Amino acid sequence: MNGCPASLLDVSGLAKHFPVRGLLPLGPVKTWVRAVDGIAFDVRAGETFSLVGESGCGKTTTAKMLLLLERPTAGCIRFEGEDIHQLHGPQLNHYRSSVQAVFQDPWSSLNPRKRAGSIIAEPLVINRQLSKQEIRQRVEQLLIDVGLEPAAAANYPHEFSGGQRQRIAVARALGLQPRLIVLDEPVSALDVSIRAQIMNLLMDLQSRYGMSYFLIAHNLATVRYLSHRVAVMYLGLIVEQAASETLFTNPLHPYTQALISAALPAQPGVQQERIVLSGEVPSPTHPPAGCRFHTRCPSAIDRCAVEVPPLREWEPGHKVACHLY
């Protein structure tokens, strides 16, 4: 991206800890699951910012906090400069309209008892004072925008393929003209043959409407193709953050290096060294002291076991949390 666009969303010190109780559900808290443990990032206007990492690292919990589905244990989320947890009335409605979501599974995220037109129209009916004709026209235009025929409005979800269902989910998210869309593994449940179609659709819509995406994904090829900037999470913390091409061509953190080495090469026939990590991911209820990755890191030094490395800027726009740097 050219220049440095203004931040649309600013996250600082964000944490979410879940209580773990004994046998009785209302008994005393025995310990806490540190799903997200103090992270900071920003999403700029018109860009795609991605969060990647293994299952259980805290990506989905972070997305839920952005969508107000979970309340943070600590930290602050600012949207257009305003703390979202201090919003009420019209300001809160504005935030909910401005931040929409497309979920992973297009089979379960659409109501099977409603026609596609009703599914897309629902946010408009709830949040906008529009006539039936205006809603119908808007739904038809949204279907065209995502590559479907207006006549598809009369069909039920089971009459569509997986890719078509995800297009309907995208159309529903676009209805309120949001400034930010949270994409939760938007193509992972689709056949490989149609993933590229949905990714190209998302990029085309972003170019046309100038909205931002907050993408969480496992597939690094998807992340590299869609993203402007990427943050890598491990056990509730961000360990590296950089522009997409910088991260994939010059990963600094040993965990990022291992992730990228495990992915398929960008070009057929390219040989790349596979980094195999030892051991298992530690429990988020009892994370290791010091650097949380040191128990599996092939480059760990004595300092890693006792001192938490801060996320520091190694070069302009490239941050890493590692004592090696």
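Just so you know, these numbers come straight off a predicted model, no measurement behind them. (Residues numbered from 1 in each chain as written. Predicted model: local features only at pLDDT ≥ 70, side-chain atom pairs only at ≥ 80, totals over all residues. Heavy atoms only, no water.)

Undergrad: For the sheet that holds strand β1 (residues 7-21), give the residues involved together with the corresponding values.
TA: Taken together, 4 strands build an open sheet; the order of strands is β2-β1-β4-β5 and the sheet is antiparallel. Lying at the two open borders of the sheet, with one neighbouring strand each, are β2 (29-44) and β5 (82-83). In the packing of helix α1 (residues 59-66) onto the sheet, the strands contacted are β1, β2 and β4 (74-79), and the crossing angle to β1 comes to about 115 degrees. (Pairing = 2+ DSSP bridges. Helix = DSSP H or I, 4+ residues; strand = E, 2+ residues; numbered from the N terminus. Contact = heavy atoms within 4.5 Å. Axes fitted to C-alpha atoms, helices over the stretch in contact; angles between N-to-C directions.)

Undergrad: Describe the pattern of salt bridges, and please don't skip the residues or the numbers.
TA: Tallying each qualifying case throughout the model produces 13 salt bridges. For R229, the salt bridge is made with D42, and the minimal N-O distance between the two is 3.5 Å. A residue pair is termed long-range when its members are at least 10 positions apart, and R229 in strand β9 (residues 229-234) and D42 in strand β2 qualify at 187 residues. Under the relative-accessibility criterion, R229 is labelled buried at 8%. With relative accessibility at 13%, the residue D42 sits in the buried group. Linked through salt bridges whose partners overlap, the residues forming this network are D42, R44, E47 and R229. (Salt bridge = Lys/Arg side-chain N within 4 Å of Asp/Glu carboxyl O. Buried < 20%, exposed > 50% of the residue type's maximum accessible area, 1.4 Å probe, protein only.)

Undergrad: Help me get a handle on the pairing of β4, residues and values and all.
TA: The pairing of β1 with β4 spans 5 bridges and is classified as antiparallel. Along β4, the bridge assignment pairs V11 with I77. Two elements, β4 and β5, share 2 bridges in a ladder whose sense is antiparallel. When the bridges of β5 are listed, R78 appears paired with D83. The hairpin turn running from β4 into β5, its antiparallel successor, is 2 residues long, and E80 in that turn takes a positive phi close to 55 degrees.

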